[in-house]
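What the coordinates show
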Amino acid sequence: MKKKTSKGGRRRAPSRTRIKRIGWRGLVAHHESAHAVANCRFGFDLYGVSVVQHEDALGATSGSGGLGYDLETAKGRVTSLLAGYAANLRNGAAEPRARAGAQEDFEAAEELYGFLQIDEAQAIDWAEAFVEEPKNWRAIEEIAEQLLARKRLDGEEVEIMVEVADGVTSSEDLERYRLMAAHVGRGE
Ligand SMILES: [Zn+2]
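Now for a look at the structure at hand.

1. Regarding the overall build of the chain
The secondary structure content of the chain amounts to 8 helices and 3 strands. In sequence order, the chain lays out its α and β elements as α-β-β-α-α-α-α-α-β-α-α. Counting across all 188 residues of the chain, residues that qualify as buried make up 37%. For the chain, restricting intrachain contacts to residue pairs at least 6 apart in sequence, the fraction spanning at least 24 positions comes to 68%.

2. What about unusual backbone geometry?
For residues that are not glycine, phi is negative in most cases, and the peptide bond is trans in most cases. A positive phi angle, close to 55 degrees, is found at Gln117, a residue other than glycine. Among the secondary structure elements, Gln117 is positioned in the loop between helix 4 (103–116) and helix 5 (120–132). On the basis of neighbour counts, which here come to 8 C-beta atoms within 10 Å, the residue Gln117 falls in the exposed class. In this structure, Lys151 takes a positive phi of about 70 degrees despite not being glycine. As for its position among the elements, Lys151 is in the loop between helix 6 (134–150) and strand 3 (152–154).

3. Notes on helix 4
Taking 1.5 Å per residue, 14 residues should reach 20 Å; helix 4 reaches 20 Å between its end C-alpha atoms and fits that length. Of all the bends found along helix 4, the most pronounced is centred on Glu110 and spans about 25 degrees. Phi turns positive one or two residues past the end of helix 4, at Gln117, with a value near 55 degrees.

4. Side note on the nonpolar core
Core analysis: the biggest nonpolar cluster contains 42 residues, and Val37, Leu82, Ala83, Ala86, Ala127, Ile143 and Val158 have the highest contact counts within it. It is helix 1 (residues 16–41) that contributes the most residues to this core, 9 residues altogether. For Ala127, the contacting residues outside a window of four places in its chain are Thr79, Leu82, Ala83, Tyr85 and Ala86.

5. Some details on the environment of Gly43
Relative to the assigned elements, Gly43 resides in the loop between helix 1 and strand 1 (46–50). In this structure the C-alpha to C-alpha distance between Gly43 and Gly76, which are 33 residues apart in sequence, comes to 9.0 Å.

6. So, the packing of helix 2 (residues 71–90) against helix 4
Axis separation between helix 2 and helix 4 bottoms out at 9 Å; the angle between their running directions is 150 degrees. With respect to their mutual orientation, helix 2 and helix 4 come out roughly antiparallel. The handedness of the crossing between helix 2 and helix 4 comes out as left-handed. Where helix 2 approaches helix 4, its residues Leu71, Ala74, Lys75, Arg77, Val78, Leu81, Leu82, Gly84 and Tyr85 are matched on the opposing element by Asp105, Ala108, Ala109, Leu112, Phe115 and Leu116.

7. Quick look at helix 2
Here helix 2 is 20 residues long and its end C-alpha atoms lie 27 Å apart, about the 28 Å a rise of 1.5 Å per residue gives. Ala83 marks where helix 2 bends most, by close to 45 degrees. Positive phi appears at Gly92, one or two residues downstream of helix 2, with a value of about 100 degrees.

8. Some points on the environment of Trp137
When you line up the elements, Trp137 lands in helix 6. For the pair formed by Trp137 and Val37, sequence separation is 100 residues and the distance between their alpha carbons is 9.0 Å. With residues near it in sequence (within four places) discarded, Trp137 still touches Val131 and Glu132.

9. Focus: the packing of helix 5 against helix 6
It is at 5 Å that the axes of helix 5 and helix 6 come closest, and there the two elements cross at 75 degrees. With respect to helix 6, the axis of helix 5 lies roughly perpendicular. Listed contacts from helix 6 to Phe130, Val131 and Glu132 of helix 5 are Asn136, Trp137 and Ile140. Of the residues belonging to the contact of helix 5 with helix 6, the class tally is 4 nonpolar, 1 polar and 1 charged.

Rules used in this analysis
- Residues numbered from 1 in each chain as written.
- Predicted model: local features only at pLDDT ≥ 70, side-chain atom pairs only at ≥ 80, totals over all residues.
- Helix = DSSP H or I, 4+ residues; strand = E, 2+ residues; numbered from the N terminus.
- Buried ≥ 20, exposed ≤ 12 C-beta atoms within 10 Å, placed from the backbone.
- Contact = placed C-beta atoms within 7 Å.
- Expected span 1.5 Å × (residues − 1).
- Bend = angle between axes of the 7 residues up to and from the residue.
- Core = buried A, V, L, I, M, F, W, Y, C linked by C-beta atoms within 7 Å.
- Axes fitted to C-alpha atoms, helices over the stretch in contact; angles between N-to-C directions.
- Parallel < 35°, antiparallel > 145°, perpendicular 65-115°, else oblique.
- Left-handed = near helix turned anticlockwise from the far one by under 90°.
- Nonpolar A, V, L, I, M, F, W, Y, C, P; charged D, E, K, R; others polar.

Read these as spatial facts, not as claims about activity.
Structural data, given as structure tokens:
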């Protein structure tokens, strides 16, 4: 069991100014964005991501999440579920706060620990390693920024944004996609 402080001092000392600057909306956007990027990376279907408040949820990422588990899929699923939490820790959020925003994620992930023969600490390590990967963090930050500006992104645009962050698709291609999506009444 990993020891965690509630003062947010343990984890690579992210600066306090950073969390002030992004605020709670920024935390929600990074949380959802991290789920979305992980869904793309693990090849799960991603329908869309939003930071529109709905009932208890502050945001949502919808996708298939990868069903019919083999070990690899289950590992991806657990990593994806806890990526929102891990992103918020990286944002500099205090652990209890990051966890409070990820309660359902932890519950869903827990169902897979037995199958994977892991404990929660291992699952958190996977998620932290995922968000710390520079190309993943770059994509998470860019998608979070778009979410803050536009509230909702469709899965296809997220996938293109991940490719842009990876440098395999140009930002002109992304702009073209946005114009096309706007033209056909999507992407709002
Ligand atoms: Zn979540």
